[in-house]
Amino acid sequence: MKKIGFIGLGNMGLPMSRNLLLSHFTVYGMDLNKEAEMSFHQSGGTIGVSVENMVEQCDVILTSLPSSNAVEEVYLGEKGLVNLADSGIVLIDTSTVAPELNIRIEKAAEKKGVAFLAAPVSGGVIGAVNGTLTFMVGGAKSTFDKMIPVFNAMGENIFHVNEKIDSGTNTKLINNLLIGFYTAGVSEALHLAKNSSLDLEKMFEMLNVSYGQSRIYERNYKSFIADDNYEPGFSLKLLRKDLGFALGLAAKNNVELPVSKILFDLYEEAEMNGYGEKDMSVLYKKISEQTTTIL
Ligand code: NAD
């Protein structure tokens, strides 16, 4: 039976690590937030280990962290995973980070003979809870094949994109660019509908079976906007981070994305207006609150 370490027990990491426990892996969890560690412990996970212990005990270590900075520190810091790991261990980052960071971690890991996969996920918190995530994995196919039971414990659609370490991340960034567009589209469309005296619930019933339908319309409306509850979910600041990485990818490949730039500015402004910690669907609220004409 494989022993697994899991660093970053947040909105995604906590349910993902719980599903590993349900698949009878022994799981050691770690988070800066002690409440998150306690929740994991209550689900049967082991806490209170140092990175050194984790690296000694585990065959595989997964991470689900909120930023490139956090991933860089956890992997490449002096007391980080790559420095402490011995060959034989497999490190898997499921966070969405800058593709360049995937490459830097792979290079450092290679020098130590440590296997590394960059495996971002899609499917949201609901997918993490239900074990139905999509994994888009870049890195060595031979390592990927060995890790399939681990991925299967957390996801339903497991893809090896190709051997290039950043290939999964680049795919995921295109996915999140689309999410950025859909979320902005749903926000403006619902704002217009509301101000045109349409019943949003009835409209959803009709558009959900029309070409205006999308998974993001369903998610953002049904789980957040309809209840006026914007607890994340996927926080707006994380989506803004990913749109920034997508624009970085475009710049690297000399691709002009005029609308995406406007989109990025809109999310950045929303973050500056204090909406960053809320679910991305809160863009609807920002747009309605700031553009409604006062009669
Ligand atoms: P989150 O902020 O809810 O969780 C991140 C966790 O990491 C927090 O509990 C935080 O305390 C912990 N953390 C931060 N730095 C740490 C460190 N140095 N050591 C240990 N723990 C540390 O974020 P999330 O929504 O769970 O997202 C995690 C990653 O997954 C992000 O990269 C995000 O882009 C990606 N993602 C999120 C979703 C989603 O719907 N939330 C979907 C797909 C992908």
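Here's what I pulled together on the structure shown here. Fair warning: this is a prediction, and the values are worked out from it, not measured in the lab.

### Examining the site of the ligand
At step 1: The ligand sits among 24 residues. The nearest are Asn11, Met12, Asp31, Leu65 and Lys241.
At step 2: At 2.6 Å, a side-chain N or O of Asp31 approaches an oxygen atom of the ligand.
At step 3: Between the ligand and the protein, one listed contact pairs an oxygen atom with a backbone N or O atom of Thr96 at 3.0 Å.
At step 4: Expressed as a share of its isolated accessible area of 840 Å², the protein-covered part of the ligand is 87%.
At step 5: For the shell around the ligand, the secondary-structure elements that each account for two or more residues are helix H4 (68-76), helix H7 (124-130) and helix H13 (236-252).
At step 6: Residue composition of the shell around the ligand, by class: twelve nonpolar, nine polar and three charged.

### Quick look at the nonpolar core
At step 1: Grouped together as the largest cluster of nonpolar side chains are 34 residues, with contacts concentrated most on Leu190 and Tyr267.
At step 2: Looking at this core, the elements that each hand over two or more residues are helix H10 (167-194), helix H11 (200-207), helix H12 (215-225), H13, helix H14 (258-275) and helix H15 (283-291).
At step 3: Beyond its immediate sequence surroundings of up to four residues, Tyr267 is in contact with Ile179, Gly180, Thr183, Ala184, Leu236, Leu239, Arg240, Leu243 and Leu283.
At step 4: Within the second largest apolar cluster, 29 residues are counted, among which are Leu21, Ile92, Leu117 and Phe144.

### Brief notes about the packing of H11 against H12
At step 1: The N-to-C vectors of H11 and H12 enclose an angle of 155 degrees; their axes lie 12 Å apart at closest approach. Overall, the two elements H11 and H12 adopt an arrangement that is roughly antiparallel. For the element pair H11 and H12, the recorded crossing hand is left-handed. Contacts between H11 and H12 pair Leu200, Glu201, Met203, Phe204 and Leu207 from the former with Tyr217, Glu218, Tyr221 and Lys222 from the latter.
At step 2: Taken together, the residues of the contact of H11 with H12 sort by class into six nonpolar, no polar and three charged.

### Overview of a nonpolar patch on the surface
At step 1: A surface patch of nonpolar side chains, amounting to about 440 Å² of accessible area, comprises Ile174, Leu178, Phe181, Tyr182 and Val259.
At step 2: With four residues, H10 is the single largest residue contributor to the nonpolar patch.
At step 3: Overall, the relative accessible area of 39% leaves Tyr182 in the partly exposed class.

### Brief notes about unusual backbone geometry
At step 1: At the junction of Pro232 and Gly233, the peptide bond is cis and its omega measures out at 10 degrees in the coordinates.
At step 2: Relative to the elements of secondary structure, Gly233 occurs in the loop between H12 and H13.
At step 3: Within the chain, His24 stands out as a residue other than glycine whose phi angle is a positive 70 degrees.
At step 4: On the secondary structure map, His24 appears in the loop between helix H1 (13-22) and strand S2 (26-30).
At step 5: By relative accessible area, His24 is classed as exposed at 61%.
At step 6: In this structure, Ser197 is a non-glycine residue whose phi angle is positive, near 60 degrees.
At step 7: Relative accessible area serves as the criterion here: at 70%, Ser197 is assigned to the exposed category.

### Structural notes on the packing of aromatic side chains
At step 1: Under the criterion given, the structure shown has six aromatic pairs.
At step 2: Each ring, one from Tyr75 and one from Phe116, has its centre 5.5 Å from the other, and the planes form 65 degrees; the classification is edge-to-face. In this pair, Tyr75 is assigned in helix H4 and Phe116 in strand S5 (residues 115-118), connecting sequence segments 41 residues apart.
At step 3: In this structure Tyr75 comes out as buried when scored by relative accessible area, which is 0%.
At step 4: Overall, the relative accessible area of 6% leaves Phe116 in the buried class.
At step 5: Between the aromatic rings of Tyr217 and Tyr221, the centroid separation amounts to 6.4 Å while the plane-to-plane angle is 55 degrees, which identifies the pairing as tilted.

About the criteria used
Residues numbered from 1 in each chain as written. Predicted model: local features only at pLDDT ≥ 70, side-chain atom pairs only at ≥ 80, totals over all residues. Heavy atoms only, no water. Near = heavy atom within 4 Å. Polar contact = N/O pair within 3.5 Å; in protein donor to acceptor, adjacent residues only side chain to side chain. Areas by Shrake-Rupley, 256 points an atom, 1.4 Å probe, with all protein chains shown as cover. Helix = DSSP H or I, 4+ residues; strand = E, 2+ residues; numbered from the N terminus. Nonpolar A, V, L, I, M, F, W, Y, C, P; charged D, E, K, R; others polar. Core = buried A, V, L, I, M, F, W, Y, C linked by side-chain atoms within 4.5 Å. Buried < 20%, exposed > 50% of the residue type's maximum accessible area, 1.4 Å probe, protein only. Contact = heavy atoms within 4.5 Å. Axes fitted to C-alpha atoms, helices over the stretch in contact; angles between N-to-C directions. Parallel < 35°, antiparallel > 145°, perpendicular 65-115°, else oblique. Left-handed = near helix turned anticlockwise from the far one by under 90°. Patch = residues over 30% accessible without salt bridge, like charges linked within 9 Å, V, L, I, M, F, W, Y side chains within 5 Å. Salt bridge = Lys/Arg side-chain N within 4 Å of Asp/Glu carboxyl O. Phe/Tyr/Trp six-rings, centres within 6.5 Å; stacked < 30°, edge-to-face > 60°.

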